[in-house]
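Residue-level structural notes
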Amino acid sequence: MLKRVLITFRTLILIPALLLWPLLSSYATEPTELVFLTWSEYMDPELIKKFENKYNAKIKFAYFESDELRDDVLINSNAAEFDIILSNGRSIKPYARRGWIMPISVKDVPNKNNVYPRWRDAFPFAKEYAVPFFWGTVGVAYRKDLVKQPITSWRQLLDPAPELSDKIVLVKDSRDLMSIALKSQGHSINTTDLEALDKAETQLQAQKPHVKSYSYIALTEESALVKGEAVAALAYNGDALMVSEHDENIIYVVPEEGTSIWVDYLTVSKATKNKKLAMDFINFLNEPENAAQLAQFVYFASPNRAAEKYLPKDFLENPVIYPDKRLMDKSEFYEELPPRIQKRYNTILPRLIDDIQ
């Protein structure tokens, strides 16, 4: 009798526990959230789903339209609202000095060893604070069926033919805008010569009446390029390939004067509460097969050398994705500008877009 009473008593305790178990189990496995500040259309949803399932995580995205607008977002939030921040090369040093990002070691991200040293070391502080993500060029995406002459020079964008007038889309970024004017005049994109900067800004002001908008083109079938509302746009090489999927008449060219070579980097916010998961995410993206899958999704060159054996030959030999040596020799990385020159750059964009979107 005593034994039966004990069994009944234990059963009474067990039944509520069993009823509570689904709730307790659900609470214990709640996904950990990471907030990723990045460009739009810059991640393969299948890879995100794969990572989320593997690590019981949830990736939330916040987007910016230009490097300068990303800086504004970070300044306003002190970078505290994000776990992972996509940075361009020249911003890594100031971000590190402001205390916005933390060092990333090979111990944190073992697959960092898969990256070519050239891209790890391309910018100050990059080796210690960042992991290269993609690299590419800035050029012109245009409708070859809507122009009389192929676009081969930046001058054709700056002093456009009638069919281009009011049908040019430019980015909302002073460095990218000034670089096309400087290159068209034979100057370095990193020049500090005030006369050269004056002439470049004058050239951009003269071009302004021919510009449809200072924004970034959509990469979908709703893109102004696809609809023919725009004939030419300043664009990144992989984005031009993506939008050309919707119209084969859209082609990409780097003008003969050369251009800027950009490198995007993954960084981890110093304010993150999920450091290990953020590092795991960057490591996951740099697993060779994942890096190759992502490169093909976004049409950009991967700095991950271990990924190359998983990339098809036609991808590796595509000159839009991997420019030839002649073009690379005429192109440059952006360098950090002296404060007095940067202050000058900060005034250029507002004067260009004061009455145009």
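In this text, all values refer to a predicted model and were calculated from it rather than measured experimentally.

With respect to unusual backbone geometry
Of note in the backbone geometry, asparagine 56 takes a positive phi value of approximately 50 degrees without being a glycine. By the secondary structure assignment, asparagine 56 is in the loop between helix 2 (45-55) and strand 2 (57-63). By relative accessible area, asparagine 56 is classed as partly exposed at 34%. Phi at tyrosine 299 is positive, roughly 65 degrees, even though this residue is not glycine. One can find tyrosine 299 in the loop between helix 13 (288-298) and helix 14 (313-316).

Brief notes about empty space enclosed by the protein
As enumerated under the stated definition, the model contains one cavity of 30 Å³ or more in all. When its volume is computed, the largest cavity comes out at roughly 60 Å³. Around the largest cavity sit Pro132, Phe133, Phe134, Leu266, Leu285, Asn286, Ala291, Leu294, Ser302 and Pro303, which together line it. Put simply, the parts of the chain that give the lining of the largest cavity at least two residues each are strand 5 (131-143) and helix 13. Per element, the largest residue contribution to the lining of the largest cavity is three residues, and it comes from strand 5. Residues that form the lining of the largest cavity fall into these classes: eight nonpolar, two polar and no charged.

Topic: the packing of helix 8 (residues 174-184) against helix 16 (residues 339-352)
Here helix 8 crosses helix 16 at 90 degrees, and the two axes come no closer than 9 Å. Classified by the interaxial angle, the pair formed by helix 8 and helix 16 is roughly perpendicular. Residues Ser174, Arg175, Leu177, Met178 and Leu182 of helix 8 touch helix 16, and the partners they reach there are Tyr345, Ile348, Leu349 and Leu352. Of the residues that constitute the contact of helix 8 with helix 16, the class distribution is seven nonpolar, one polar and one charged.

Some points on the packing of helix 8 against helix 9 (residues 194-207)
For the pair helix 8 and helix 9, the least separation of the axes is 9 Å and the interaxial angle reads 110 degrees. Classified by the angle their axes make, helix 8 and helix 9 are roughly perpendicular. Contact with helix 8, carried on its side by Leu177, Met178, Ala181, Leu182 and Ser184, involves Ala196, Leu197, Ala200, Glu201, Gln203 and Leu204 of helix 9 and no other residues of that element. Here the residues of the contact of helix 8 with helix 9 sort into eight nonpolar, two polar and one charged.

Section: the confidence of the model for the protein
Across the protein, the average pLDDT comes to 90, with 91% of residues at 70 or higher. Low confidence marks residues 1-27, where pLDDT is under 50. Its contacts with residues over four positions away, or in another chain, come to zero contacts.

Cut-off values and rules
- Residues numbered from 1 in each chain as written.
- Predicted model: local features only at pLDDT ≥ 70, side-chain atom pairs only at ≥ 80, totals over all residues.
- Heavy atoms only, no water.
- Helix = DSSP H or I, 4+ residues; strand = E, 2+ residues; numbered from the N terminus.
- Buried < 20%, exposed > 50% of the residue type's maximum accessible area, 1.4 Å probe, protein only.
- 1 Å grid on protein atoms, 1.4 Å probe; cavity = no way out; pocket = protein on both sides within 12 Å on 5 of 7 lines; lining within 4 Å.
- Points joined across faces, edges and corners; volume = space filled by probe spheres on them.
- Nonpolar A, V, L, I, M, F, W, Y, C, P; charged D, E, K, R; others polar.
- Axes fitted to C-alpha atoms, helices over the stretch in contact; angles between N-to-C directions.
- Parallel < 35°, antiparallel > 145°, perpendicular 65-115°, else oblique.
- Contact = heavy atoms within 4.5 Å.
- pLDDT = per-residue confidence, 0-100.

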